[in-house]
Amino acid sequence: MITVAEGLVQARHAGVDRLDAQLLLGHVLGRSRSWLLANDDAALDATQQQHLRQLLTRRAGGEPLAYLVGEKEFHGLTLQVSPAVLVPRPDTETLVDWALELLRGANDPQVLDMGTGSGAIALALKHACPRARVSALDASAEALAVARGNAKRLQLDIELLQSDWWQGVGGRRFDMIVSNPPYIAEGDAHLAALQHEPVQALTSGVHGLDALGQIISGASQHLNTGAWLLLEHGHDQAAAVASLLVTAGFGEVTTRPDLSGTPRCTGGRRA
Ligand code: GLN
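Keep in mind that what you see is a predicted model, and the values were worked out from it rather than measured.

### A short note on the overall build of the protein
Helices and strands together make up the secondary structure of the protein, namely 10 helices and 11 strands. Counting only C-alpha atoms, the protein reaches 65 × 40 × 30 Å along its principal axes. Considering the protein as a whole, with its 271 residues, one finds that 49% of them fall into the buried category. Per element, the accessible surface of the protein, about 12600 Å² overall, is 50% carbon and sulfur. Taking the 22 positively charged and 29 negatively charged side chains of the protein as two groups, their mean positions are separated by 5 Å.

Next comes the structure, spelled out in structure tokens:
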């Protein structure tokens, strides 16, 4: 038998940092981090010890913590996640905050989230702006099942639609469209660190701009006059996305930085 304190030492030896170790231990024991801090002499039984050892090995092998514990915090919501969806990132909260600012004056706005994955953006918008009618699409049935589970658990009423970008949207129009599409270039060295996440949620063409281009080129037909299209993109893609928006006839094209100061979202308004 080992104690909580010994479990943390094991984690360090496995190469897992202290915060992750506490979160994994908390998951195994069904306890909070504050409980662990106050109970470092509590014992793990044999099953818990084995479970912890497995999780530490997987974490040391690069699996995202969110997949190991099955959930991730995003914009104040706890979302369930699985390897069928990208782990929601704090960077994406920039997109949500921007959308919420723009929705402030609108009554009954219809919003579409394209490539919703876990449902993170759509659910955060519905939660913070209940009067919005939020639709969310994804090409992946597995991802939609995760989003549906999150919507149900959080009791947030959003419409979920299986669609490969515009393919299933028909003639519908929205008052705002938001998306965090795949935008990493195929072959980007940074993908090695993301190998446990679904590749279709990460890469899009040799420059990472294919999905962004498809979304932008179809958006005018699906936006009401004066409606905004807001897009997350890679750290070096702001100029390319801005130029795609201008070419597609969007006005007021603007870029916003994420929390680390990286240009992360670019949007424009349909004339
Ligand atoms: N922001 C993610 C990353 O670079 C990628 C997400 C995406 O492609 N939309 O880790």
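### Examining the pattern of salt bridges
Taken as a whole, this structure holds 9 salt bridges when the rule is applied. Residue Asp20 is joined to Arg59 by a salt bridge in which the shortest nitrogen-to-oxygen separation is 2.8 Å. In this pair, Asp20 sits in helix H2 (residues 18-29) while Arg59 sits in helix H4 (residues 46-60), placing the two residues 39 residues apart along the sequence. Exposure remark for Asp20: the relative accessible area of 11% places this residue in the buried category. A salt bridge links Asp91 to Arg264; the shortest N-O distance between them is 3.9 Å. You can see Asp91 sitting in the loop between strand E4 (77-80) and helix H6 (93-103) and its partner Arg264 sitting in strand E11 (residues 263-270), a full 173 residues away along the chain. A relative accessible area of 25% means that Asp91 is categorised as partly exposed. Here the salt bridges share partners, and the residues they tie into one network are Asp91, Asp258 and Arg264.

### Structural notes on the sheet that holds strand E7 (residues 159-162)
Taken in spatial order, the 7 strands make up an open sheet running E7-E6-E5-E8-E9-E11-E10, and their pairing is mixed. Of all strands in the sheet, those with a lone pairing partner are E7 and strand E10 (250-257), marking the two edges. Sheet twist, expressed as the mean angle between neighbouring strand axes with direction ignored, is 20 degrees. Alignment of strand E9 (residues 223-232) against E11, held across 5 bridges, turns out to be antiparallel. If you follow Trp228 over to E11, its bridge partner there is Arg269. In this fold helix H10 (residues 238-247) packs onto E9, E10 and E11, with an angle of close to 5 degrees to the strand it touches most, E11.

### Quick notes on the pairing of strand E5 (residues 110-114)
The buried fraction of E5 amounts to 4 of the 5 residues, a majority that puts the element mostly inside the structure. Taken together, the 5 bridges between E5 and strand E6 (residues 133-138) define a ladder with parallel strand orientation. Looking across to E6, one finds that Val111 is bridged to Val134. Once the chain exits E5 it traverses helix H7 (residues 120-128) before rejoining the sheet at E6, and the crossover so formed is right-handed. Pairing of E5 with strand E8 (residues 174-179), which is carried by 4 bridges, proceeds in the parallel orientation. Looking across to E8, one finds that Val111 is bridged to Met176.

### Focus on helix H8 (residues 141-154)
When the terminal C-alpha atoms of H8 are compared, their 20 Å separation across 14 residues agrees well with the 20 Å that a helix rising 1.5 Å per residue should span. Every buried residue of H8 is accounted for by Ala143, Leu144, Val146, Ala147, Asn150 and Ala151. Seen along its axis, H8 keeps its buried residues to an arc of 160 degrees; they face one direction. Exposed side of H8, more than 90 degrees from the buried face: Glu142 and Lys152 are the residues found there. Turning to H8, the residues buried within the fold contact E4, H7, E6 and E7. At the N-terminal end of H8, a side-chain oxygen is found 3.3 Å from the backbone nitrogen of Glu142, two or three residues along, and the residue is Ser140. Within two residues after H8, Gln155 carries a phi angle of roughly 55 degrees, on the positive side.

Parameters at a glance
- Residues numbered from 1 in each chain as written.
- Predicted model: local features only at pLDDT ≥ 70, side-chain atom pairs only at ≥ 80, totals over all residues.
- Heavy atoms only, no water.
- Helix = DSSP H or I, 4+ residues; strand = E, 2+ residues; numbered from the N terminus.
- Buried < 20%, exposed > 50% of the residue type's maximum accessible area, 1.4 Å probe, protein only.
- Areas by Shrake-Rupley, 256 points an atom, 1.4 Å probe, with all protein chains shown as cover.
- Lys, Arg positive; Asp, Glu negative; His and termini not counted.
- Charge placed at Lys NZ, Arg CZ, Asp CG, Glu CD.
- Salt bridge = Lys/Arg side-chain N within 4 Å of Asp/Glu carboxyl O.
- Pairing = 2+ DSSP bridges.
- Axes fitted to C-alpha atoms, helices over the stretch in contact; angles between N-to-C directions.
- Contact = heavy atoms within 4.5 Å.
- Right-handed = clockwise from strand over helix to strand, strands pointing away.
- Expected span 1.5 Å × (residues − 1).
- Arc of directions from axis to C-beta.
- Polar contact = N/O pair within 3.5 Å; in protein donor to acceptor, adjacent residues only side chain to side chain.

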